[in-house]
Every structure is written in C-alpha cells, then in structure tokens.
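The primary structure of each chain is shown beneath.
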Amino acid sequence: MKLRNVPLTGTLLLTFVFSLILMGAGSLAHARLGSEAPEITNPVWLNSEPLRLADLRGKVVMVEFWTFGCWNCRNIEPYVKAWHEKYSDQGLVVIAIHSPEFQYEHDVARVQEYMDEKQLAYAVPIDNEFLSWRKFRNQYWPTLYLIDKAGVIQYTKIGEGGYDTTEQEIQRLLAETN
C-alpha cells in the first residue's frame with residue numbers, strides 16, 4: 001500500500017491504522033493453515049472424556065467453534081451433524097468447541113439442554129474462558145477447521161455456505177494415506 005503526498009494526521013491516520021489492523025485480522029484464522037493444530041485443553045467436555053489431538057493422529061478431525069445462541073451456528077449445525085453421522089465410521093472426529101458470545105451461553109446446563117434437544121452426539125468442550133479460541137486464533141462464529149491425519153490444519157471455513165466444498169475436503173482428507 002503506497003501513499004504519496006497524503007498527510008497522515010488525525011482521523012485519516014486513525015482510519016489508515018485501523019484498516020491495516022482489520023486487513024491483518026481478517027487473515028488470522030487462515031494464518032494457521034499448514035501448521036500443527038493446537039491442543040484443546042478445556043477441562044469440561046460434554047458427550048466425551050477430554051480428547052487430545054495428539055491421540056487422534058490417523059483420524060481426520062473437524063473442530064468447530066460455535067455457540068448455541070448464534071443463528072449462523074444453528075444454520076450449519078445440520079451439516080456438521082450429518083457429517084458426523086456419515087463419516088465417523090470412516091475416521092472423522094467432530095469436536096465442537098462451545099465458545100459463548102453472551103453471558104447466558106456460559107451456563108453449561110443450558111449448553112447440555114440444547115445438545116439434548118438437537119440430539120448432538122459429538123464431543124463438545126466448554127470454552128467459557130476462550131482458551132481454545134485463542135490457541136486457534138479464532139475470530140468468528142461459526143468457524144470450521146479440518147485437521148488431517150498428521151495433525152495439520154488443512155482447511156478453514158468461516159460462516160455459512162460452501163457445504164459441498166467442505167464435504168469434498170472431508171472426503172479428500174479421509175482418503176489420504178498417512
């Protein structure tokens with residue numbers, strides 16, 4: 001970005017700096033592509049004992065950041081649920097990290113009630129302190145990360161849509177040999 005003969009003072013300077021921050025921030029979720037996925041160390045898990053990514057080598061892991069009050073999260077939920085049901089026998093492990101946006105979403109009993117109502121059977125770590133959120137440098141609800149059999153983040157999808165592409169990536173990663 002080149003600026004010539006433009007005095008960067010006052011509001012213009014703040015706008016310029018803020019724009020640089022936003023441009024960098026938008027790519028943070030993708031900055032981890034190709035790197036080893038960070039370990040998920042949340043102490044409270046629903047539907048599962050705590051899982052370690054290191055112990056899941058040889059499997060494809062989908063990590064989803066969601067919260068039950070997020071409409072976009074609710075809209076992708078049927079797809080995540082269907083992928084879990086369709087591919088878990090082939091080696092897909094879904095870990096849906098619940099990172100609350102609002103105060104009422106911090107209540108673990110409410111998360112469990114929601115999961116029971118929606119019949120969600122995959123592992124759900126409770127991330128009320130945003131430990132996993134920060135480790136993944138996540139910024140958005142919902143965000144999906146696909147981690148290959150070697151523990152490397154290979155795909156990220158932010159928000160709704162792109163379901164065919166995501167499923168193709170799941171199939172591709174499952175078909176890979178170690």
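Structure first, text after, so check above.
Notes on the structure in this doc start here. (Residues numbered from 1 in each chain as written. Predicted model: local features only at pLDDT ≥ 70, side-chain atom pairs only at ≥ 80, totals over all residues. Heavy atoms only, no water.)

### Concerning the environment of Cys70
Consideration 1: Relative to the helices and strands, Cys70 is located in the loop between strand E2 (60-66) and helix H3 (71-87).
Consideration 2: Residue Cys70 is classed as buried on the basis of its relative accessible area, which comes to 8%.
Consideration 3: Along the chain, Cys70 and Pro142 lie 72 residues apart, while their C-alpha atoms are 8.1 Å from each other.
Consideration 4: Leave out the neighbours within four places in its chain, and Cys70 touches Glu105, Trp141 and Pro142. (Helix = DSSP H or I, 4+ residues; strand = E, 2+ residues; numbered from the N terminus. Buried < 20%, exposed > 50% of the residue type's maximum accessible area, 1.4 Å probe, protein only. Contact = heavy atoms within 4.5 Å.)

### Re H3
Consideration 1: Taking 1.5 Å per residue, 17 residues should reach 24 Å; H3 reaches 25 Å between its end C-alpha atoms and fits that length.
Consideration 2: Within H3, the axis deviates most sharply at Glu77, by approximately 35 degrees, and proline Pro78 lies no more than four positions further along.
Consideration 3: For H3, every residue scored as buried is listed here: Cys73, Ile76, Glu77, Val80, Trp83, His84 and Tyr87.
Consideration 4: On its buried side, H3 packs onto E2, strand E3 (92-98), helix H4 (108-118), strand E5 (143-147) and helix H6 (163-175). (Expected span 1.5 Å × (residues − 1). Bend = angle between axes of the 7 residues up to and from the residue.)

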